[in-house]
Amino acid sequence: MSVLDDLDAVIAAALDERELRYDRSTPGRFFVTLPGTTKLQTNCWLVVGRHALLVEAFVCRRPDEAHEQVYRFLLRRNARLYGVHYTIDKAGDIYLVGRVAHHAVTADELDRLLGQVVEAADGDFNTLLEIGFANAIRREWDWRVSRGEPLANLQAFTHLVDS
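Residues numbered from 1 in each chain as written. Predicted model: local features only at pLDDT ≥ 70, side-chain atom pairs only at ≥ 80, totals over all residues. Heavy atoms only, no water.

Draft legend 1. Layout of the overall build of the protein. For the protein, the count of helices and strands is 4 helices and 6 strands. Order of helices (α) and strands (β) in the protein, N terminus to C terminus: α-β-β-β-β-α-β-β-α-α. Summarising its shape, the C-alpha atoms of the protein cover approximately 65 × 30 × 25 Å along the three principal directions. Of all 163 residues assigned to the protein, the portion counted as buried reaches 40%. When contacts within the protein are restricted to residue pairs at least 6 apart in sequence, long-range pairs at least 24 apart make up 55% of them. Summed over all atoms, the accessible surface of the protein reaches about 9300 Å², with 51% contributed by carbon and sulfur. The protein carries 19 positive and 24 negative side-chain charges, and their two centres are separated by 5 Å. (Helix = DSSP H or I, 4+ residues; strand = E, 2+ residues; numbered from the N terminus. Buried < 20%, exposed > 50% of the residue type's maximum accessible area, 1.4 Å probe, protein only. Contact = heavy atoms within 4.5 Å. Areas by Shrake-Rupley, 256 points an atom, 1.4 Å probe, with all protein chains shown as cover. Lys, Arg positive; Asp, Glu negative; His and termini not counted. Charge placed at Lys NZ, Arg CZ, Asp CG, Glu CD.)

Rendered as structure tokens:
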């Protein structure tokens, strides 16, 4: 068996054992759906590369405002993350990325990495929205109030709305 086949089997078994939903388009390429509470799900790629396993998860789109504050938050947060770090793509969208050497890919290590992805993406999601989308949240709140629409999924942001 090749390294790709070995790692593919380790990853599939680890994901199955943890009952995580995933699609495997080709050997060594997994699109994993990680459940959350604040961010209801985080989509994460696990891709076996030539020398390492790539971990990449979309967290949120490019902030509308307060870019410097958002980036400062991300840089400070990077100091406390395990195995992954925040980055932005060319469009400014926010991702968590990491690389793990082939020899270090085990079920336990995948558990730690995916746990860190969920903890960061889910735990930081509202903070990122609060900093980078405060005005959009206020506009959405006002629009819903004016139309009598429910505010349930905006309750975490009540402190942003003027009384």
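Draft legend 2. Local environment of helix H4 (residues 134-147). Relative to the 20 Å expected for 14 residues at 1.5 Å per residue, H4 spans 20 Å between its end C-alpha atoms, a close match to the ideal helical length. Burial in H4 covers these residues: Ala 134, Ile 137, Trp 141 and Arg 144. Angular distribution of buried residues about the axis of H4 spans 90°; they occupy a single face of the element. Of the exposed residues in H4, those oriented more than 90 degrees away from the buried face are Arg 139, Ser 146 and Arg 147. Elements in contact with the buried residues of H4: helix H3 (107-132). (Expected span 1.5 Å × (residues − 1). Arc of directions from axis to C-beta.)

Draft legend 3. Seen up close, the layout of surface pockets. One number sums up the size of the largest pocket: a volume of about 380 Å³. Lining the largest pocket are 18 residues, and of these Phe 125, Asn 126, Leu 129, Asn 153 and Phe 157 sit closest to its centre. Every element with two or more residues in the lining of the largest pocket is listed here: strand S4 (52-60), H3 and H4. At 4 residues, the largest contribution of residues to the lining of the largest pocket is made by H4. (1 Å grid on protein atoms, 1.4 Å probe; cavity = no way out; pocket = protein on both sides within 12 Å on 5 of 7 lines; lining within 4 Å. Points joined across faces, edges and corners; volume = space filled by probe spheres on them.)

Draft legend 4. The pattern of salt bridges, seen in detail. The final tally for this structure, using the stated rule, is 10 salt bridges. Asp 111 serves as the salt-bridge partner of Arg 18, at 3.0 Å between the closest nitrogen and oxygen. Of the two residues, Arg 18 is situated in the loop between helix H1 (3-17) and strand S1 (21-26) and Asp 111 in helix H3; the sequence distance between them amounts to 93 residues. Residue class for Arg 18 comes out partly exposed when judged on its relative accessible area of 24%. Across the pair Arg 77 and Glu 119 runs a salt bridge, and its minimum N-O distance is 2.8 Å. Here the residue Arg 77 occupies a position in helix H2 (residues 67-78), and Glu 119 occupies one in helix H3, the gap between them amounting to 42 residues. Classification of Arg 77 by relative accessible area gives buried; the value is 6%. According to the relative accessible area criterion, Glu 119 is partly exposed, its value standing at 41%. (Salt bridge = Lys/Arg side-chain N within 4 Å of Asp/Glu carboxyl O.)

Draft legend 5. Region of interest: the nonpolar core. Core analysis: the largest hydrophobic core is formed by 43 residues, its most contacted members being Ile 11, Leu 15, Leu 46, Leu 53, Tyr 86, Ile 94 and Leu 96. Top element by residues in this core is H3. It accounts for 9 residues. Once residues within four sequence positions are removed from consideration, Leu 15 is found in contact with Leu 20, Tyr 22, Phe 30, Val 32, Leu 46 and Leu 114. (Core = buried A, V, L, I, M, F, W, Y, C linked by side-chain atoms within 4.5 Å.)

Draft legend 6. Just the pairing of strand S3 (residues 41-48), in detail. Summarising the sheet, strand S2 (residues 29-35) and S3 pair through 7 bridges and their orientation is antiparallel. Looking across to S3, one finds that Phe 30 is bridged to Leu 46. Linking two consecutive strands that pair antiparallel, namely S2 and S3, is a turn of 5 residues. Looking at chain direction, S3 and S4 are connected through 5 bridges and run antiparallel. Each residue of the ladder has a partner; that of Cys 44, found in S4, is Ala 57. In this structure, the hairpin formed by S3 and S4 is closed by a connection of 3 residues. (Pairing = 2+ DSSP bridges.)

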